[in-house]
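Coordinate analysis (summary)
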Amino acid sequence: MSYKDTINLPKTKFSMKGNLVQREPGFLKNWESQKLYSEIRKARAGAKKFILHDGPPYPTGDLHIGTGLNKILKDIIIRFFTMKGYDAPFVPGWDCHGLPIEHRVMQEIGSNAKTMERIEIRKKCKQYAEKFVKIQMNQFKSLGVSADWESSYLTFTPQYEAGIIEVFGKLVEKGFVYRKLKPIHWCMRCETALAEAELEYRDTLSPSIYVNFRILDDVAGIFQDAGEGDVHILIWTTTPWTLPANLAIALHPDYKYRAVRYENPKTGEKVVTIIADSLVDSIMNLLKIEKFELLGITSGHTLEGLKYEHTLMNRCGTIVMADYVTLSDGTGCVHTAPGHGQDDYLTGLKYNMPILSPVDKSGIFTTEAGDFAGQKISDGNKSIIEKLDESDLLLHKREINHSYPHCWRCREPVIFRATEQWFVSLDHCGLRENVLDQVKKTRWLPSWGEVRMSNMIRERPDWCISRQRSWGVPIPVFYCSHCKESLLNIDVIYHVRDKFLQCGADSWFYKNAKEFLPEGTNCPNCNSTTFEKENDIFDVWFESGSSHHSVLHKRNDLSFPADMYLEGSDQHRGWFQLSLVPSVAAWGCAPFKTVLTHGFVVDEKGEKMSKSLGNFVSVSDALKEIGGDVLRLWTASMEYRNEMNTSRVIIERMSDSYRRLRNTFRYILGNICDFDSEKDAVEYRKLWEIDRWALLKTEKLIKSVTAAFEQLQFHRVYHTVHNFCIIEMSSFYFDILKDRLYTFSKNSIERRSAQTVLYRINDVLVKLLAPILVYTTEEVWMETENRSSSVHLADWPDVREQCIDEGLEKRWESIIKIRADVARELEKMRTEKHIGNSLEAVIDLYTEDDELFQFLEEYQSDLPMIFIVSDVIISKEPLHSASRGENFKRLFVKVRLSESSKCERCWNFRKEVGKIVKYPTLCNRCAKVIDQIGEQNS
RNA sequence: GGGCCUAUAGCUCAGCCGGUUUAGAGCGUUCCCCUGAUAAGGGAGAGGUCAGUGGUUCGAAUCCACUUAGGCCCA
């Protein structure tokens, strides 16, 4: 029998390689078949709830790594709270309606789209959404996300839709909803509204004209030397057809404006006009005016409120202030038509101007356009220029090539046209103030979220909730067939809600208006009983923003408000804000208590990820390459509040790091394979001192890791655990332990002492990491005996305070430092090729420090084990050629080769080796062990 | 252009309500050792003008201002 066979080498099925990609699906399957999610919920029945409400992603394509990261973070939190004893249900959702899906479906349909019924389009959209919900759900599952997948919330289900209608009803009831004109992109040929995503920008030739408007007010007080005569203000536009809708001219309040007197080249007349000071030269050059004189100069804000004559329309306009005015083109004086531009619209609202838009759906001027009524706007361009030219107000005209939006379907240029839209008022009943108040009461993580949200709420205009699309929830409003008056009525809305609950919102597209109206509904205006349905649908943000009602209020296992919302920082403007507004409006409080945000996943240079740049990482690729647990470890390792860099190198590092954790488990599992904690455990006071030290480090680990989890700082969890495994365990404790575990007899108290602690370490580590490494910890769990079915049903480990001995920790801190000083000397010997294995060495320690000497003496018998050398000799006598320690300056270390022989079994160099007759190649300790084994066998 | 945020070794993070003489870990890298955790393990070393500039101060990675680069959201 070789002595090697008498050594207790580690033994475990837990492999060194993770093979995560192959192995993880098996665990997933087991969890599904044992219905683990429901088992966990059952185990927590009646416990205090923790509600993290899932923000619904959009089901198009493979999951972006950022979407995966978001769900992993949520999952880590849910799992931690669950293990801490909370009942933490997790109901995931998808935001299924909306333009991106409709857009893609329309592209697939192609030219048939125009003749297709809306209900048909909706059917295809639904199929599309369902397909990707399924794909994404599987990807989330593969990431190890534990959730109530079977009853996920989808925004196109009747229950959800009914909830949206209820939120709308509540807002109508409280008077927040109104209808008003607003300019939107419009295709005159298709006669339809277009969203930004449906525009194609192409270079187009447009007229470019400079037009003077005559100021009606006396500006002598502002420009003293302007003299008698008329003063004008010069504007520039590339859309002459919008001039009939001109109501204002916008200036920048801080820019300088100059009155210029020039000679009209055509008439020879002297004219004064106002333009931005810094543009005077370039404009005069463009207008080919050589003779001009600079008159007074003033800041834009001094001109606010002046009236000017609108020559074409026989009315006057106003000079207004706007921050978006630039000096990059034009004159610094911006033609403003609130019915025909986004900026113009907002300025119009600010100055309380009507949203004038004298153009009908096919692009023909209405009677509001005066003389131009009946003309197509394309012809209007020409006649407007002509008319301006007649009145000598047109200073310059040419054609310019610029990028202009076109309809994605018919490729015709689009226009901005004001149409009636539905709005939620932010200022009705002090809503804005109430929302701001709720913002203050919410806990924002990081705290700057509060500032960001408050700024946004303070600034934002009323919310336009209507869209002219097909794939969404219809706005439950009717119009009288006779007088065209809108019917916005609570009873009607709840009636529609009931219908939707029964047959879904699709019914709106194939049933008559009558079927949605309560019996006997008539028009409050003209008493008519025939109505038409609204064509518009809700903004999808109104849908997802209603999830607090459709999901939190409606589900028995959830509750309102949620404890936490957790999304990317872009959702401040998105889901957070647009959930907050309806929630406060309808129920007077925020839908969340805490809002946690994470940054974006960017590439290794910190630049944004996009498919076109080629630095895009998808979840499915990452899963294929590295597996769910490594991806989760990567997620946990980063400070997610900032941007997070990804690259192949970073992910490879993560695999290294994972392997290290895995091997820590493997070492323990292999060395406790013959340990039965019930029978073999050694009681605390009988443990070896180094074992008590390892135990105290483990208990302290629980403390710091728990704190890190509680503060939602998973990167601290990662670093703390990782450092524990590497510094305290692998390179110190585990290394030292090998001698005792392998060479002492199996059942010796020395070996059982070590195993008792290893068992505890394993039990703690597996639980601390369970929220992050969901698969690997389960694999570890399965390897140990007497386990219930899953680590994910386990409770969070409690700290055994009685094991935390600060004095012990301090003493061992010194020992570790001394060990480092010794290691440095051993290394020197190794480099000089005097020794290989450290057991070949004997260490001489010398110090004149009494305290240190006493300390060393106290540990003398343990020091060889600690240094992993064959002997340690302490002396007070100076040593020849000893080196001074770096950690302990008063300690001198000398390494020399042992003069004894090597024990064949334990490899220690011992005096007695060769002197034991029965076992000439063994040391005393091993001889005893072999005797014991012999006795057991006989 | 505006609101909010970020910037410490190749990578991931500490330190930051100013002050333990040479700014800490771990990973990676280099060199060495082991071959009884072995496609593992151990040891030693190299590596940072704390994005830049200016200021406050006896003293700044830490406070202030500006600049640069990047991110989210608007315009």
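Placed above this text is the structure.
Scope of this entry: the structure provided in the associated data block. (Residues numbered from 1 in each chain as written. Chains lettered and ligands numbered in written order. Predicted model: local features only at pLDDT ≥ 70, side-chain atom pairs only at ≥ 80, totals over all residues. Heavy atoms only, no water.)

**Observations regarding the pattern of salt bridges**
Here is the rule: Should a side-chain nitrogen of Lys or Arg be within 4 Å of a carboxyl oxygen of Asp or Glu, the pair is scored as a salt bridge. For helices the rule is a DSSP run of H or I covering at least 4 residues; for strands it is a run of E covering at least 2, with both sets numbered from the N terminus onward.
Counted by the stated rule, this structure contains 62 salt bridges. Lys84 is paired through a salt bridge with Glu710; the nearest N and O atoms lie 3.7 Å apart. Highlighted residues: Lys84 in the loop between α3 (65-83) and β2 (93-94) and Glu710 in helix α20 (residues 689-710), separated in sequence by 626 residues. Taking the shortest distance from any N to any O, the salt bridge between Glu886 and Arg824 comes out at 3.7 Å. Placement of Glu886 in the loop between β30 (883-884) and β31 (891-897) and of Arg824 in helix α24 (residues 806-831) is noted, with a sequence separation of 62 residues between them.

**Focus: unusual backbone geometry**
Quick reminder of the rule: We call a residue buried when its accessible area falls under 20% of the maximum for its residue type, exposed when it is over 50%, and partly exposed in between, using a 1.4 Å probe and counting protein chains only.
The step from Leu445 to Pro446 runs through a cis peptide bond, and the omega angle for that step is -5°. Inspection of the secondary structure puts Pro446 in the loop between β17 (443-445) and α11 (448-459). The residue after Phe560, namely Pro561, is reached through a cis peptide bond having omega -5°. As for its position among the elements, Pro561 is in the loop between α14 (547-553) and β24 (562-568). Even without glycine at this site, Trp907 takes up a positive phi of about 70°. You can see Trp907 is positioned in the loop between β32 (901-902) and β33 (909-910). Note on Trp907: relative accessible area 47%, which makes it partly exposed.

**Notes on empty space enclosed by the protein**
Convention followed: Cavity and pocket criteria rest on a 1 Å grid covering protein atoms alone: a 1.4 Å probe that fits but cannot get out defines a cavity, protein on both sides within 12 Å along at least 5 of 7 lines defines an open pocket, and an atom within 4 Å of a point defines a lining residue. Grid points are joined across faces, edges and corners, and a volume is the space filled by probe spheres set on the points. Under the scheme applied here, ten amino acids are nonpolar (Ala, Val, Leu, Ile, Met, Phe, Trp, Tyr, Cys and Pro), four are charged (Asp, Glu, Lys and Arg), and all others, including Gly, are polar.
One pass over the full model with this rule turns up one cavity of 30 Å³ or more. When its volume is computed, the largest cavity comes out at roughly 110 Å³. Here the lining of the largest cavity takes four residues from α3, the largest share from any one element. Considered class by class, the residues forming the lining of the largest cavity number five nonpolar, three polar and two charged.

**What about the environment of Phe372?**
Definition in use: Note on definitions: a residue-residue contact is assigned when non-hydrogen atoms from the two residues lie within 4.5 Å.
Of note, Phe372 is situated in the loop between α8 (342-350) and α9 (377-390). The class of Phe372 is buried, set by a relative accessible area of 3%. Along the primary structure Phe372 and Ile384 are separated by twelve residues, whereas in three dimensions their C-alpha atoms are 8.1 Å apart. With residues near it in sequence (within four places) discarded, Phe372 still touches Pro244, Leu312, Phe365, Ser383, Ile384 and Lys387.

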